[in-house]
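Topology and contacts: notes
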Amino acid sequence: MLLLLLLLVMLQTILTLTLTYDDFCYDDGQCDPYAWGDMFPSCHPLLDAHHSPIDLGWQQVRDAQLDELQLSGFNSTPKGQWRLTNQGHSVVLEVGGGLSVSGGGLPGLYRTVQLHFHWGSASTNGSEHTLLLQRFPMEMHIVSIKSSHPNLTAALDDPTGLAVLAIFIDLSYMDNENFQPISSALPFITYRGQEKSIRPFPLLTLLPQANLSQYYRYHGSLTTPPCSHAVLWTIYEMPISISWAQFEPFVSGIYSTEEGAEPAALLQNNFRHIHRTYSHVYASKHARLLSSAPLFTTCPVTLPLFLILTALRSAFSTLNW
Ligand SMILES: [Zn+2]
């Protein structure tokens, strides 16, 4: 029995060593998010309470200290070129140097290195985080590394090594001019591994500029392997909007496979399922408190009333977004 156990442990170790962090997928039971824990132990949801993404809205605590973040360099046009790449799991824009994030309760300065996207399909929404279980069509993540770390690998060993800004993306009938540099480059990176240089632009134009003081904060993980518990999340409450014409190239024009591969596979629904969180979710000074603790935990008869109120609040939110 002991020998068998030892063999199983060795097999698991060999499997883990031979896997790389690119060996995951979203559309096959062998490698989709529910299987990540078997492939990468740190993705196993039972091993740690700080997994991402989560649903926002059930256990928020107001933190009046959480003011607007300082987004240094976000309002200028950097020199040089940025690079947009189809990495097979997402579309990633590497933004070079000169951008950083600090303040807003972050413990130090974080250098911004890249942004990327999560999306659904033509008929399903694909944001990673949800607001009162509402999923948006897309979500953008702007990733920054704590400046005291030389690289990403070092930052992943620090519980606060990364700061990720999450921006929900909704659909509107109007084109978003600020989004055009990205959407117009997508046809050049149809297949995995393809990349396209794009001219830098002020990154601030991709954020909800009128509502930067409204956000939620919690301690979580990467939403892709190795699922490191190293992320301070800032999730902006208000979405930005793009048109269907700008959205459609993501869901029907980006493949997770290389050019010429058979069968070719569209990259769709590249989001991880939501997890329970056991840590607080903090609402910034000016964010709405989406919901207080569920009333039905103490008084079951109030559940219908609570659900009605939640539905009304969701409807009200939709109208205002
Ligand atoms: Zn992401």
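What you see is a predicted model, and the numbers here were worked out from it, not measured in a lab.

Quick notes on the rules
Within any chain, residue numbers begin from 1 and follow the written order of that chain's sequence. Where local features are concerned, this predicted model is filtered to residues with pLDDT of at least 70; where side-chain atom pairs are given and counted, the filter is 80 or more; whole-chain, interface and lining totals use all residues. Each helix corresponds to a stretch of at least 4 residues labelled H or I by DSSP, and each strand to a stretch of at least 2 residues labelled E; elements are numbered beginning at the N terminus. In this scheme the burial state of a residue depends on its C-beta neighbours within 10 Å: 20 or more other such atoms mean buried, 12 or fewer mean exposed, and anything in between means partly exposed; the C-beta positions come from the backbone. Remark: residues whose backbone-derived C-beta atoms lie within 7 Å of one another are considered to be in contact. Each nonpolar core consists of buried Ala, Val, Leu, Ile, Met, Phe, Trp, Tyr and Cys residues. Their C-beta atoms, within 7 Å, join them into a set. Pairing between two strands is assigned when DSSP locates at least 2 bridges connecting them. The arc refers to the directions leading from the helix axis to the C-beta atoms. Confidence scores here are pLDDT values: one per residue, from the predictor, ranging 0 to 100.

**Observations regarding the overall build of the chain**
Secondary structure assignment for the chain yields six helices and 15 strands. Here the chain holds 321 residues, and the buried ones make up 36% of them. In the chain, 72% of the contacts between residues at least 6 apart in sequence involve partners at least 24 apart.

**What about unusual backbone geometry?**
Here the residue pair serine 52 and proline 53 is connected by a cis peptide bond, since its omega of 0 degrees sits within 30 degrees of zero. Along the chain, proline 53 turns up in the loop between helix H2 (36–39) and strand E1 (55–56). A cis amide bond links glutamate 262 with the next residue in sequence, proline 263, at an omega value of -5 degrees. Locating proline 263 in the fold gives a position in the loop between helix H5 (244–253) and strand E15 (281–283). Phi at cysteine 227 takes a positive value of approximately 55 degrees, unusual for a residue other than glycine.

**Brief notes about the nonpolar core**
In terms of nonpolar packing, the biggest core is built from 67 residues, with Met140, Leu162, Val164, Ile167, Ile169 and Tyr216 touching the most fellow members. With eight residues, the top contributor of residues to this core is strand E10 (residues 162–172). If sequence neighbours within four positions are ignored, isoleucine 167 has contacts with Glu139, Met140, Leu206, Leu207, Pro208, Tyr236 and Ile240.

**As for the environment of histidine 141**
Of note, histidine 141 is situated in strand E9 (residues 138–146). Along the backbone, histidine 141 and tryptophan 233 are 92 residues apart, and their C-alpha atoms lie at a distance of 9.6 Å. Look past the residues within four positions of histidine 141 in its chain and what remains in contact with it is Leu115, His116, Val164 and Ala166.

**Section: the pairing of E9**
On a regular strand, one side chain projects to one face of the sheet and the next to the other, so that they alternate. Of all the nine residues making up E9, nine are buried; the element is thus mostly covered by neighbouring parts of the structure. By the bridge criterion, nine bridges tie strand E7 (residues 110–119) to E9 in an arrangement that is antiparallel. Directly across from tyrosine 110, in E9, lies its bridge partner lysine 146. The pairing of E9 with E10 spans eight bridges and is antiparallel. Pairing of methionine 138 across the sheet is with isoleucine 169, part of E10.

**Regarding the pairing of strand E13 (residues 231–236)**
For E13, a buried count of six out of six residues is recorded, marking the element as mostly surrounded by other parts of the structure. In E13, alternate side chains face the same way, and those of Val231, Trp233 and Ile235 on one face and Leu232, Thr234 and Tyr236 on the other are all buried. Judged from the five bridges that link them, E10 and E13 form a sheet pairing that is parallel. Within E13, the residue paired with alanine 166 across the bridge is isoleucine 235. Summarising the sheet, strand E12 (residues 215–220) and E13 pair through six bridges and their orientation is antiparallel. In the strand pairing of E13, tyrosine 218 is matched with tryptophan 233.

**Observations regarding H5**
Those residues of H5 that fall on the buried side of the exposure criterion are Gln246, Phe247, Phe250 and Val251. The buried side chains of H5 occupy one side of the element, clustering within an arc of 125 degrees when seen end-on. Turned more than 90 degrees off the buried face of H5, the exposed positions are Trp244, Ala245 and Ser252. The secondary structure elements touched by the buried residues of H5 are E7, E9, E10, helix H4 (180–183) and strand E14 (240–243).

**Here we look at the confidence of the model for the chain**
Overall, the predicted model of the chain reaches an average pLDDT of 86, with 83% of residues at or above 70. The model gives residues 1–18 a pLDDT under 50, and that stretch makes one contact with residues more than four places away or in other chains. In the model, residues 293–321 has pLDDT below 50 throughout and makes 15 contacts with residues more than four positions away in sequence or in other chains.

**Examining the environment of aspartate 158**
Structurally, the position occupied by aspartate 158 is in the loop between helix H3 (152–155) and E10. In sequence terms aspartate 158 and alanine 230 are 72 residues apart; their C-alpha atoms lie 5.7 Å from each other. Residues within four places of aspartate 158 in sequence aside, it is in contact with Lys146, His149 and Ala230.

**With respect to the environment of aspartate 55**
Mapped onto the secondary structure, aspartate 55 falls in strand E1. Ignoring sequence-local partners within four residues, the contact set of aspartate 55 consists of Thr130, Leu133 and Ile274.

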